[in-house]
Amino acid sequence: MTATSTTRAPEGVRKDLPADLSASIAVFLIAMPLSLGIALATGAPLQAGLVAAAVGGIVAGRLGGAPLQVSGPAAGLTVVTAELIQRYGWRTTCAITVLAGVCQLGLAALRTARSALMVSPAIVHGMLAGIGVTIALAQLHIVLGGTPQSSAVANVLGLPAQLADLHPVALGVSALTLVVLLGWPRLPGRAGRALRKLPAPLAAVATATAFAALAGLSLPRVDLPSWRSHALPEMPDGPVLGLVAAVLTITLVGSVESLLSAVATDKLIASERSTDNRPPRADLDRELRGQGAANIVSGALGGLPITGVAVRSVANVKSGAASRKSSMMHGFWVLLAAFLLVPLLDLIPLATLAALVMAVGVQMVSITHLRSVTRHREALVYGSTIVAVVLGGVLEGVAVGIAVAVALALHRLARTRITLEQLDSGVHRVCARGQLTFLAVPRLSRVLNQIPQDAHAVVELDGSFMDHAAYETIQDWQQSHLAHGGTLEVTGRSGQAARINGANPAAAGRAGSPDGPDGADEADGAGRAGAGHGADRGHDARHAEGGHPADRSRRGQHRGTHQCCRPWTPWQNHCDHRATSTRTATATAATMAAEAATAGGNGGAEDGGPRDVSPTPRRRGAGQLASGISAFQRDTAPHMRDELARLAREGQRPSQLFITCADSRLVTSMITASGPGDLFTVRNVGNLVPLPGAESTDDSVAAAIEYAVDVLKVDSITVCGHSGCGAMQALLSSAPGAAMTPLRRWLRHGLPSLERMGSRHHAWARISGRLPADAVEQLCLTNVVQQLEHLRAHESVARRLAEGTLELHGMYFHVGEAQAYLLSEGEDFFDCRVFDTVGLHA
């Protein structure tokens, strides 16, 4: 085995070398102008940008944990570095960079890299957007021919004077740079396709430099001093607290930006390449260790702080890089250029570099980010972070963002809406929306005491948590209300009956107690599958299940009253408590038989033999089916008969068409809390929607779509996939040339999903907050997105969509987590289609 590995390694290196070489050149051509521009924006010596680019490529590329990520000077640290240079000078800033690298090594040793990703995306996006605004305002002055001020506010205040004193030459060169930069990726035709292989930043800088040189324009240009006078770090000199804050700021911003870039690079690789052509996934702790080592070396050699750079990493992946050697070679090319191309670099106008960096700053304020945080109701966190970064600085902005995020979370937790209304029937209904904590007790008590003592009250608890103070308030009021002749019902969300300890039997019967009418609770469970309990979800299990232990014992013996076993669930026999009940019943039967034998003297049997009291084996097939039907007729049918009779008279009027997999673990009524008449359901292997006119088209799916859309006039169509889908596993593992069976013919309708997952032209799909666990989950998510596209191709669906009378929804159910996800609109920061969780109060 060892011999085989050693012979394969050189072959692999030789095979990857051409791809890594071409990719390294492409990244080098992007890194050169950007590194110089970032150095200019910070006020550091221009060589510092080249030093950081070379060290980032060689050191971070060799030691980092993300093989295809490219590191170097990045715009995210521009504002921080500029402030440090103005306050402490360049040489002290280099020492701060070294100390920040040491801190990163410490964080990597503590394996805290994943913890850095716990920061709210709204704060991270707001920080980057604030940095982008600050960069753009500063570079705008250079574009206009002036000099930037020391702060963003000063730059804004100085704009009127700068606009009154324009420098046409600098403005013209900057405008030419921006036109080429923005227009280069849009060059049409075959010639444009060939030219687009040259990176847009390099094309923009080269065009503007050539124009300025040929036209003989007089304007400030790059001036790289001799390397002999290159400044190296010195011992930090300044207030200790200020230096500590500076080190922490570089550490925080650099680490978060590097780790986010590593995650984004992983995502891009997964969407661009097949599983057999991917490097290992990023080791974030190793990546942080590599970034720390690179910052130590860069600071010691007089370079800028280093982070992972998303723009260069994307170029590296898209250029076909196969290993970390492409990043390392790009660092060597930068190093060679810094020594050999100085005369050529000295021709670049500073206005060109300023325009390039200003464009990068503007792009950091992403409309996609804004849509994402608005959709998740975090616009306040995003906006406050931007304002604080612009006005105060990066560290202050992040602190303000965290404070606002915490305050917003506490506000949502403590916000409770309690209302009282009297219905026409005379019933007083109290609705409590939100979490019931001690903060809501005064309002809750005030509302409850407004109900007349002899009235019938309905208390609806629509929340996921109730603390002890709120529970006792409701319990005390309930006992007092019942003692004065009143009646009450305590319900959860959507009318699900709940139990508050202490109710008398009369009231408890109406509240779904087991002492009330048989099956009252089960009927509601059957009609509203999966609806949550109101009071008993958040409080202690003693209160949720009832008062005295004897009550719980009687409830446990009552058929179907266990929370997870409603009469509509034929899988109730899988539950552990059912096995316990069976054993208890068997033991009871044995005891009764022994007592009868003692009393009768003949064993209680006419033949005098022993009775067989062994447990009845679990029935399969027809026996199990008959048992389930019997349970339905006995427990559920009496409570559903009126509703089903109404549906029989009026006909079905479902609100949506629900297309999902035939997998037995998907119980549609359970995961959607729906009942009879709510869903028009189509189930097949893989939740596939064949394209109209496709080969081997199954008309049954198209017929169901046409009937639901044109006849039933449903308002929406949902395509629901699920984790561990066997159809998706079969698609991934199918071998070409295998015999064509009915299953394989049907799965051909899933091939577009497989192609979409491997395409670079379509947005990737993921679950909010994490990457897909494996290729199967990735395909399951992608398949939902693809089948929605197939739906749009059906004539009836397209017509209703054009009229604005139909909605399409994507859904993913994770079986192991019992968690449903809905496909959100648009794409996120990393151009992903995101499946997000649904809130408890959606």
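All values derive from a computational prediction rather than experimental measurement. (Residues numbered from 1 in each chain as written. Predicted model: local features only at pLDDT ≥ 70, side-chain atom pairs only at ≥ 80, totals over all residues. Heavy atoms only, no water.)

**Q** I'm lost on the packing of helix α6 (residues 121-143) against helix α16 (residues 350-363) in this one. Help?
**A** Taken N-terminus to C-terminus, the directions of α6 and α16 make an angle of 155°; their axes are 8 Å apart at the nearest point. When the axis of α6 is compared with that of α16, the two are roughly antiparallel. Crossing of α6 over α16 shows left-handed handedness. Residues Gly 132, Val 133, Ile 135, Ala 136, Gln 139, Leu 140, Ile 142 and Val 143 of α6 lie in contact with α16, whose contacting residues are Leu 350, Ala 351, Ala 354, Ala 355, Val 357, Met 358, Gly 361 and Val 362. (Axes fitted to C-alpha atoms, helices over the stretch in contact; angles between N-to-C directions. Helix = DSSP H or I, 4+ residues; strand = E, 2+ residues; numbered from the N terminus. Parallel < 35°, antiparallel > 145°, perpendicular 65-115°, else oblique. Left-handed = near helix turned anticlockwise from the far one by under 90°. Contact = heavy atoms within 4.5 Å.)

**Q** Sorry if this is basic, but what is going on with the nonpolar core here?
**A** The tendency in soluble globular proteins is for nonpolar side chains to be buried side by side. Membership of the largest hydrophobic core comes to 46 residues, with the highest contact counts inside it found for Leu 36, Leu 50, Leu 224 and Leu 304. Of all the elements, helix α2 (residues 46-63) adds the most residues to this core, at ten residues. Those residues in contact with Leu 50 that sit more than four places away from it in its chain are Met 32, Leu 36, Leu 224, Val 334, Ala 338 and Leu 345. Listed in part, the 40 residues of the second largest apolar core include Val 701, Ala 727, Leu 806 and Leu 823. (Core = buried A, V, L, I, M, F, W, Y, C linked by side-chain atoms within 4.5 Å. Buried < 20%, exposed > 50% of the residue type's maximum accessible area, 1.4 Å probe, protein only.)

**Q** Would you take a moment to explain the pairing of strand β12 (residues 819-823) for this structure?
**A** When a strand is regular, its side chains alternate between the sheet's two faces. Across four bridges, the pairing between strand β11 (residues 807-814) and β12 is antiparallel. From the neighbouring strand, Phe 813 faces β12, where its bridge partner is Ala 820. Linking β11 back to β12 in an antiparallel pair, the connection comprises four residues, with Ala 818 at a positive phi of about 50°. (Pairing = 2+ DSSP bridges.)

**Q** Sorry, what's going on with the sheet that holds strand β3 (residues 416-422) here?
**A** Strands in a sheet are paired, the pairing made by backbone hydrogen bonds, and the direction either parallel or antiparallel. Across the sheet, four strands lie side by side as β3-β4-β5-β6; this open sheet has mixed pairing. Of all the strands in the sheet, just β3 and β6 (487-491) have a single pairing partner and so form its edges. Taken over all neighbouring pairs, the strand axes of this sheet differ in orientation by 15° on average, direction set aside. Sheet analysis places β3 next to strand β4 (residues 428-434), joined by seven bridges and oriented antiparallel. Looking at the pairing, Arg 417 lines up with Arg 433 of β4.

**Q** Help me understand the packing of aromatic side chains, please; the structure alone is not making it clear to me.
**A** Aromatic ring pairs are reported here in terms of the distance separating the ring centres and the angle at which the planes meet. For the coordinates displayed, the defined rule picks out two aromatic pairs. Geometrically, the ring pair formed by Phe 680 and Tyr 707 is tilted, given 5.8 Å between the ring centres and 40° between the ring planes. Within this pair, whereas Phe 680 is found in strand β8 (residues 679-684), its partner Tyr 707 is found in helix α29 (residues 699-711), the two being separated by 27 residues in sequence. Take Phe 680: its relative accessible area is 17%, and that puts it in the buried class. (Phe/Tyr/Trp six-rings, centres within 6.5 Å; stacked < 30°, edge-to-face > 60°.)

**Q** What exactly am I supposed to notice about helix α20 (residues 441-448) here?
**A** In an α-helix, one full turn covers 3.6 residues, which means residues spaced three or four apart are oriented alike. Within α20 the residues assigned to the buried category are Val 441, Leu 444, Val 447 and Leu 448. Around the axis of α20, the buried residues are gathered within 135° of arc, so they sit on the same side. Lining the buried residues of α20 we find β3, β4, β5 (456-462) and α21 (468-483). (Arc of directions from axis to C-beta.)

**Q** What is the right way to read a nonpolar patch on the surface from this model?
**A** Where nonpolar side chains cluster on the molecular surface, the patch consists of Phe 332, Leu 335, Leu 336, Phe 339, Leu 340, Leu 341, Leu 344 and Leu 347 and spans about 770 Å² of accessible area. If one sorts the elements of the nonpolar patch by residue count, helix α14 (residues 325-340) sits on top with five residues. By secondary structure assignment, the location of Leu 341 is in the loop between α14 and α15 (342-345). For Leu 341, a relative accessible area of 34% puts it in the partly exposed group. (Patch = residues over 30% accessible without salt bridge, like charges linked within 9 Å, V, L, I, M, F, W, Y side chains within 5 Å. Areas by Shrake-Rupley, 256 points an atom, 1.4 Å probe, with all protein chains shown as cover. Salt bridge = Lys/Arg side-chain N within 4 Å of Asp/Glu carboxyl O.)

**Q** What exactly am I supposed to notice about the pairing of β4 here?
**A** For β4, the buried fraction is high: five of the seven residues fall into the buried class. The sheet contact formed by β4 and β5 spans six bridges and is parallel. Bridge assignment links Arg 429 to a residue of β5, and that residue is Val 458. One crossover worth recording links β4 to the parallel β5 by way of α20, and it is right-handed. (Right-handed = clockwise from strand over helix to strand, strands pointing away.)

**Q** Mind showing me how you'd approach the pattern of salt bridges here?
**A** One side chain can pair with another of opposite charge once the charged atoms of both are near each other. Tallied over the entire structure, the rule returns eleven salt bridges. Across the pair Arg 634 and Asp 635 runs a salt bridge whose closest N-O atoms are separated by 3.4 Å. The residue Arg 665 makes a salt bridge to Asp 663 at a minimum N-O spacing of 2.8 Å. Three or more residues joined by partner-sharing salt bridges are found here, namely Glu 643, Arg 646 and Glu 650.

**Q** Looking at this model, I keep getting lost on the environment of Ser 326. Mind explaining?
**A** Along the chain, Ser 326 turns up in helix α14. In the structure, Ser 326 is positioned 308 residues away from Pro 18 in sequence and 9.7 Å away in space, judged by C-alpha atoms. The residues contacting Ser 326, other than those within four sequence positions of it, are Asp 20, Ala 23, Ser 24, Asn 316 and Ala 321.

**Q** Looking at this structure, how should I read the side chain of Thr 177?
**A** When you line up the elements, Thr 177 lands in helix α8 (residues 168-183). A relative accessible area of 0% places Thr 177 in the buried class. Among the polar contacts listed, one links the side chain of Thr 177 to the side chain of Thr 352, at a separation of 3.4 Å. If we skip the residues at most four places from it in the chain, Thr 177 touches Ala 204, Ala 208, Thr 352 and Ala 355. (Polar contact = N/O pair within 3.5 Å; in protein donor to acceptor, adjacent residues only side chain to side chain.)

**Q** Even after reading the chapter, I still don't get the confidence of the model for the chain, so can you show me in this structure?
**A** Keep in mind that low pLDDT regions are not for reading the predicted coordinates in detail. Taken as a whole, the chain shows an average pLDDT of 78; of its residues, 78% reach a score of 70 or greater. Counting interchain partners and residues more than four positions distant, the pLDDT-below-50 stretch residues 1-9 has zero contacts. For the stretch residues 502-616, pLDDT sits under 50, and the model shows 150 contacts to residues farther than four places along the chain or on other chains. (pLDDT = per-residue confidence, 0-100.)

**Q** Can you help me understand the state of the cysteines in this one?
**A** By definition, a disulfide is the covalent link that joins the sulfur atoms of two cysteine residues. By the definition in use, this model includes zero disulfides. Looking at Cys 780, it has no disulfide partner, and the nearest cysteine sulfur is the one in Cys 725, 5.1 Å off. (Disulfide = S-S within 2.5 Å.)

**Q** Looking at this structure, I do not really get helix α17 (residues 367-375). What am I missing?
**A** For α17, the set of buried residues is Thr 368, His 369, Ser 372 and Val 373. Down the axis of α17, the buried side of the element spans an arc of 125°, and every buried residue falls inside it. Looking at α17, the residues exposed on the side facing more than 90 degrees away from the buried face are Ile 367 and Arg 371. Buried residues along α17 sit against α6 and α18 (379-391). At the C-terminal side of α17, Arg 377 shows a positive phi close to 60°.

**Q** When you look at unusual backbone geometry in this model, what are you seeing that I'm missing?
**A** Note: most residues except glycine have negative phi, and most peptide bonds are trans. For Arg 111, which is not glycine, the phi dihedral falls at a positive 55°. Summarising the element assignment, Arg 111 is placed in the loop between α4 (90-109) and α5 (113-116). On the accessibility criterion, Arg 111 (62% relative accessible area) is exposed. The backbone of Arg 377 shows a phi angle near 60°, a positive value even though the residue is not glycine. Mapped onto the elements of the fold, Arg 377 is located in the loop between α17 and α18. Assessed through its relative accessible area of 54%, Arg 377 is described here as exposed.

**Q** Please explain a positive patch on the surface as it appears in this structure.
**A** A surface patch of positive charge is lined by Arg 190, Arg 193, Arg 196 and Lys 197. With respect to the helices and strands, Arg 190 occurs in helix α9 (residues 189-195). For Arg 190, a relative accessible area of 70% corresponds to the exposed category. (Lys, Arg positive; Asp, Glu negative; His and termini not counted. Charge placed at Lys NZ, Arg CZ, Asp CG, Glu CD.)

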